[in-house]
Amino acid sequence: RNMKRHEYLRMFSLLFFSVQLSVLEPAFANPSDESIKVGVILPLTGSAASWGDPMRKAAEMAAEDLTPQIRSQISLIFEDDQLNASLGINAFKKLTSMDQIAAGIVFGGQSVAAIAPVSEQLKIPIFAITANHNLVSNKTYSFRHWIDSNEQVRVLVPELVSRKRHRIAIAVVTHEAMLDYVAKF
């Protein structure tokens, strides 16, 4: 069961990072000597590392699948936030000031909530992996790449009813996305 979860997460992550990197592809039309740096903020250690590690591997695999010309012009820079907003904002500040990234990919609502306003201020686009659409609403430089919790519940509830599942248990961690799902039910 745990292996299936990791395979699912790896496949999703690979698809996600492939889409994000392909969105940046037009920036590679005119080759230059300087690579375009993309910061990737994930929980690589701590209690959520089981999410971050497959995503890191997927991002690396997606980069390997790019054409040689594009691959030579992109540089992924990974930072660990342990799914913690304070560490996430510190990672983003480091990526923008020291590493001079052109764009970022951020996992988790806590980090997205902290980073999105700074992203807007610095005019550095971020691709947010979060179910909470409110975190990037009315933003110019923050984009969400995840199914909205309202949409998931809209599809899930009729399916549960059709299967005559009138009672369900919801087990969650204290994470904003999971708490959002609980609130929707």
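Residues numbered from 1 in each chain as written. Predicted model: local features only at pLDDT ≥ 70, side-chain atom pairs only at ≥ 80, totals over all residues. Heavy atoms only, no water.

### What to know about the pattern of salt bridges
Here is step 1: Using the criterion set out here, one finds five salt bridges in the structure.
Here is step 2: For Asp 53, the salt bridge identified is with Lys 57, shortest N-O distance 3.0 Å. A residue pair is termed a helical-turn pair when its members lie 3 or 4 positions apart in one helix, as Asp 53 and Lys 57 do in helix α2 (residues 49-64) at four residues.
Here is step 3: Using a relative accessible area of 34% as the deciding quantity, one classes Asp 53 as partly exposed. (Salt bridge = Lys/Arg side-chain N within 4 Å of Asp/Glu carboxyl O. Helix = DSSP H or I, 4+ residues; strand = E, 2+ residues; numbered from the N terminus. Buried < 20%, exposed > 50% of the residue type's maximum accessible area, 1.4 Å probe, protein only.)

### Some thoughts on the confidence of the model for the protein chain
Here is step 1: Summarising the model, the protein chain shows a mean pLDDT of 80, and 74% of its residues fall at 70 or more.
Here is step 2: No element of the protein chain has a lower mean pLDDT than helix α1 (residues 2-23), at 53, and none a higher one than helix α4 (residues 85-97), at 97. (pLDDT = per-residue confidence, 0-100.)

### Remarks on the environment of Val 38
Here is step 1: The topology assignment puts Val 38 in strand β1 (residues 36-42).
Here is step 2: A relative accessible area of 1% means that Val 38 is categorised as buried.
Here is step 3: Sequence separation between Val 38 and Thr 96 is 58 residues, and the spatial gap between their C-alpha atoms is 9.8 Å.

### What to know about the packing of aromatic side chains
Here is step 1: One pass over the structure, following the stated rule, counts two aromatic pairs.
Here is step 2: Judged by centre distance (6.0 Å) and plane angle (25°), the rings of Trp 51 and Phe 107 are stacked. Taken as a pair, Trp 51 in helix α2 and Phe 107 in strand β3 (residues 103-107) lie far apart in primary sequence, 56 residues in all.
Here is step 3: Since its relative accessible area comes to 34%, Trp 51 is described here as partly exposed.
Here is step 4: The exposure class of Phe 107 is buried, given its relative accessible area of 9%.
Here is step 5: Here the basic side chain of Arg 56 rests over the ring of Phe 78, its NZ or CZ set 4.4 Å away from the ring centre. (Phe/Tyr/Trp six-rings, centres within 6.5 Å; stacked < 30°, edge-to-face > 60°. Lys NZ or Arg CZ within 6 Å of the ring centre and 35° of its normal.)

### Concerning the packing of α4 against helix α5 (residues 109-122)
Here is step 1: Direction vectors running N to C along α4 and α5 enclose 30°, while the axes themselves pass 7 Å from each other. Taken as axis vectors, α4 and α5 run roughly parallel relative to one another. The hand of the α4/α5 crossing is right-handed. Listed contacts from α5 to Ala 85, Gly 88, Ile 89, Phe 92 and Thr 96 of α4 are Gln 110, Ser 111, Ala 114, Ile 115, Val 118, Ser 119 and Leu 122. (Axes fitted to C-alpha atoms, helices over the stretch in contact; angles between N-to-C directions. Parallel < 35°, antiparallel > 145°, perpendicular 65-115°, else oblique. Left-handed = near helix turned anticlockwise from the far one by under 90°. Contact = heavy atoms within 4.5 Å.)

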